[in-house]
Amino acid sequence: MSASLSYLERSKLHSNPTAKAFLELMERKKSNLSVAADLNKKAALIELADKVGPYICLLKTHIDVVEDFDQDLVDQLTALAKKHDFMIFEDRKFADIGNTVKLQYGSGIYKIASWSDITNAHMVPGEGIVQGLREVGLPLNRAMLLLAEMSSAGTLAKGDYTVKTVEVARKYKDFVVGFIAMERYADKEGDDFIYMTPGVGLDQTSDGMGQQWKHPREVVYDRGCDVIIVGRGIYGNGRDAAKEAKRYQEAGWNAYVERISK
Ligand code: 6AU
């Protein structure tokens, strides 16, 4: 069962170069922490990425919320990714037909495929969405995640929807390398999906707008997920982002070490 293997052992099970490199990076850096950098000013986003950079494996962006976006932001983020050794995940949550998502992923102002190692999509439109994104992303050695579940209260992504999402992921394993999910489910022979879980917090359980936060140990040890995605728990309420990132890195990593030594 891949939940009991180390990230390094699992890197050998992947054919997708981004998944392989990502799992190696996690092991090398001893980090399964992704920071959700939901900030709307370029300077603030760059400052946060530089502060948390030493502690994270993945910087998660919502590039379309940045009011003063320009190509220089992308250049600076990719330079910081090199400096601190992390990857970039544009949390675009594509949700349209294959032909449209191809355009949204590869062109427009953001040209996401040109700089984002990983992106994600909803399965609502059916598997054409994966075919469209794969056409653009695979030649660039990119990878994607499918949203199999969500962290928010009342989500419709559950039950049969989740099961069908996993089936599609199995069909396109060269490009779909994992899920946004709340627990690990697809550990059939030959599976090795990377489970990334948002809705993680050490100090609070809810934001009053549907978000539900769980403890890193519950996510990684009890539920078998691989990456904790943390936003406001790290930079919200005037917190010291570097200090909090270190705290979350340790909590996430300790839970992982405990899980693989079970
Ligand atoms: O820690 P937070 O609540 O400040 O931030 C959580 C981040 C946000 C959401 O857009 C994202 O995680 N997210 C996702 C993702 C990553 O796809 C899915 C989901 O179900 N819930 C969720 O919060 O940037």
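Because the structure is a prediction, the values reported are computed rather than measured. (Residues numbered from 1 in each chain as written. Predicted model: local features only at pLDDT ≥ 70, side-chain atom pairs only at ≥ 80, totals over all residues. Heavy atoms only, no water.)

## Examining the sheet that holds strand β5 (residues 143–147)
The strand order β1-β2-β3-β4-β5-β6-β7-β8 describes a closed barrel built from eight strands, whose pairing is parallel. Within this sheet the neighbouring strands show an average axis-to-axis angle of 25°, counted without direction. Inspection of the sheet shows strand β3 (residues 87–94) paired to strand β4 (residues 118–121) by three bridges, in the parallel sense. Counted as the bridge partner of F89 is I118 from β4. (Pairing = 2+ DSSP bridges. Helix = DSSP H or I, 4+ residues; strand = E, 2+ residues; numbered from the N terminus. Axes fitted to C-alpha atoms, helices over the stretch in contact; angles between N-to-C directions.)

## Some words on helix α4 (residues 71–84)
For α4, spanning 14 residues, the distance from its first C-alpha to its last is 20 Å, which sits close to the expected 20 Å at 1.5 Å a residue. Among the residues of α4, those classed as buried are L73, V74, L77, L80, A81 and H84. The buried side chains of α4 occupy one side of the element, clustering within an arc of 125° when seen end-on. Facing away from the buried side of α4 by more than 90 degrees, the exposed set consists of K82 and K83. (Expected span 1.5 Å × (residues − 1). Buried < 20%, exposed > 50% of the residue type's maximum accessible area, 1.4 Å probe, protein only. Arc of directions from axis to C-beta.)

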